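Summary of the model geometry
Read off the chains here:
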Amino acid sequence: MAGLTVDKFTENEVVKKCLKDLQEEFPEGKNPLVVSDVLDNAGHQYVNLVQKGGGVLGVALVGYTYILEKMNIRFIRLAGTSAGAINTALMVAAGTKQDAKSEYVLDAICKLKFIDFVDGHPFARWVISKFITHQDFGVKVKRFFSAIIFTLVILLAGDFIFLGLQNAISWISIFTKVFFGLTGLCLLFIAVLIAYVSTLLKRLKNSGFGINPGDFFYDWIKEKLHENNVITVSDLMSKASAPVPGLHLRVANSEELKGLDGDVTFICSELVSQNKIQFPEMWKLFRKNMDDLQPAGFIRASMSIPVFFESYFIEDIPCTDEEIKQIWLDKFGETDPPSSARFVDGGILSNFPINLFYNPKVDTPRLPSFGIDLDDSVPDDAGKNSKMWSMTGYFGRIFNTIRFYYDKDFLIKNKIFKKGIGTIPLQGYNWLNFFLSDKDKIDMFNKGAQAATEFLMQFNWQEYKTDRIEMKLKIIEEQLHSGNAENQ
């Protein structure tokens, strides 16, 4: 498919049907879509938005937000991890809060070759092109090594057989020589492979345990921010907190417009102090002046997939400064702040930070928190029968147990937030397949659009609001019972 353009995403039949179905379900003037009590004078409804991490699956996030924006939904506060951080950054940087952003993000996707993100050793590109595709990665690795072992076993068996027969049948010696030669070549290949892998592992250690520097991504996201006049951290925060002209409430609320200023959050995992870092909010941990940091670095830190990308570092932290020491102490109880911070993918600790926008002080919510979930688990690996899991499914479960626990724990305790989450089914797609075809990108965009359509069809703002009020009352009641029990 030559010349990928925005209209190939937005004008395909799947997306047009999604919009048609929504317009028929929510005709203007008769049964309008209501998802929030916060509006502007142009009729846009405002929500908070959290986007989950998921590598190249982030294309599906854009399909989801495209539908939301087409239904006149806009965003006050935004947060994301990894791929979700990338989409969040582009949505914050482009235009104003009243503007639709998804087509700008699509245009960036159309002009981008995903494989350019794989900017490390040529071996890295080869591995990704040969192994990390739609087919299960573990299956391909298993087949590769099984083929090597099987070939070696056959050759060794041939060596013994022909060596034994050549004394009885003289012409068999020809086969003996051929098999010994092939066995030597096979052993040489294995030796070279082991030596090469050993060299790559040393290289991996020297390069911050990442096969790709991540320089191309850093330069690309920095360029996109600069295109939208986001040069400094101050610029980023100003964009995120810019007021919306004519913002008002649909119905009266005691909180009025307090706290609806807007912000942006990128989740990162810091390894030296072993803490979850929220940028740009926590910039004071690392510098005296916020603009000594680069906003592109926040997104680069959030998407630093371990091993795949090198860690992102912030060096020369003024850790002996009393003010910074106090901030570390107040925030994390750290008495000895690090002089250098090392970041990896925020998804290690919180891949879906839906808890960020919960304010327990608000009695009646004015707007919901929408979340976009990505589900790429294959049926067997997603099932309860653990004996059916593949090797990648097994290790995936271990990894997911760690990275989803914090977010899952919040949802268990605050079930109402699940009503604001839409899930995009992406089984069959590999989140590290940077060789995505144009058709794959469009298909993922379509799946995001379909998931958003399904979500809006079933979302009930009044029910969400009522349940939030009841949840708040239940929390107060539990706190009172706990307090009475302590006083007994």
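Before any of the text, the structure's been laid out above.
All of the points below concern the structure found in this document.

Another point: empty space enclosed by the protein. Within this structure, the stated rule accounts for two cavities of 30 Å³ or more. Computed from the structure, the largest cavity encloses a volume of approximately 270 Å³. Lining the largest cavity are 21 residues, with Gly-55, Val-56, Ile-86, Phe-114 and Phe-117 positioned closest to its centre. Put simply, the parts of the chain that give the lining of the largest cavity at least two residues each are helix H3 (58-70), helix H4 (83-93) and helix H5 (102-110). With four residues, H4 is the single largest residue contributor to the lining of the largest cavity. Classifying every residue of the lining of the largest cavity by side-chain character gives 17 nonpolar, four polar and no charged. When its volume is computed, the second largest cavity comes out at roughly 30 Å³. Every residue lining the second largest cavity is listed: Tyr-358, Asn-359, Pro-360, Val-362, Asp-363, Arg-468, Met-471 and Lys-472.

Taken together, the side chains of Lys-408, Lys-415, Lys-418 and Lys-474 make up a positively charged region of the molecular surface. Locating Lys-408 in the fold gives a position in helix H14 (residues 391-413). Note on Lys-408: relative accessible area 53%, which makes it exposed.

So, about the packing of helix H2 (residues 13-25) against H3. It is at 11 Å that the axes of H2 and H3 come closest, and there the two elements cross at 35°. H3 is crossed by H2, and the crossing has right-handed handedness. In this structure, H2 uses Val-15, Cys-18, Leu-19 and Leu-22 to contact H3, whose residues at the interface are Tyr-66, Ile-67 and Lys-70. Across the contact of H2 with H3, the residue classes tally to six nonpolar, no polar and one charged.

Bringing unusual backbone geometry into the picture now. The residue after Phe-279, namely Pro-280, is reached through a cis peptide bond having omega 0°. Structurally, the position occupied by Pro-280 is in the loop between strand S7 (275-279) and helix H11 (295-302). The backbone phi angle of Val-307 is positive, close to 75°, even though this residue is not glycine. Relative to the helices and strands, Val-307 resides in strand S8 (residues 307-309).

The geometry of H3 relative to helix H15 (residues 438-458) is characterised by a closest axis approach of 7 Å and an angle of 45° between their N-to-C directions. When the interaxial angle is binned, H3 and H15 end up oblique. Crossing of H3 over H15 shows right-handed handedness. Contacts between H3 and H15 involve Val-59, Ala-60, Val-62, Gly-63, Tyr-64, Tyr-66, Ile-67 and Leu-68 from the first element and Lys-441, Met-444, Phe-445, Gly-448, Ala-449, Ala-451, Ala-452, Thr-453, Phe-455 and Leu-456 from the second. For the contact of H3 with H15, the residue count by class is 14 nonpolar, three polar and one charged.

Conventions used here
Residues numbered from 1 in each chain as written. Predicted model: local features only at pLDDT ≥ 70, side-chain atom pairs only at ≥ 80, totals over all residues. Heavy atoms only, no water. 1 Å grid on protein atoms, 1.4 Å probe; cavity = no way out; pocket = protein on both sides within 12 Å on 5 of 7 lines; lining within 4 Å. Points joined across faces, edges and corners; volume = space filled by probe spheres on them. Helix = DSSP H or I, 4+ residues; strand = E, 2+ residues; numbered from the N terminus. Nonpolar A, V, L, I, M, F, W, Y, C, P; charged D, E, K, R; others polar. Patch = residues over 30% accessible without salt bridge, like charges linked within 9 Å, V, L, I, M, F, W, Y side chains within 5 Å. Areas by Shrake-Rupley, 256 points an atom, 1.4 Å probe, with all protein chains shown as cover. Salt bridge = Lys/Arg side-chain N within 4 Å of Asp/Glu carboxyl O. Lys, Arg positive; Asp, Glu negative; His and termini not counted. Charge placed at Lys NZ, Arg CZ, Asp CG, Glu CD. Buried < 20%, exposed > 50% of the residue type's maximum accessible area, 1.4 Å probe, protein only. Axes fitted to C-alpha atoms, helices over the stretch in contact; angles between N-to-C directions. Left-handed = near helix turned anticlockwise from the far one by under 90°. Contact = heavy atoms within 4.5 Å. Parallel < 35°, antiparallel > 145°, perpendicular 65-115°, else oblique.

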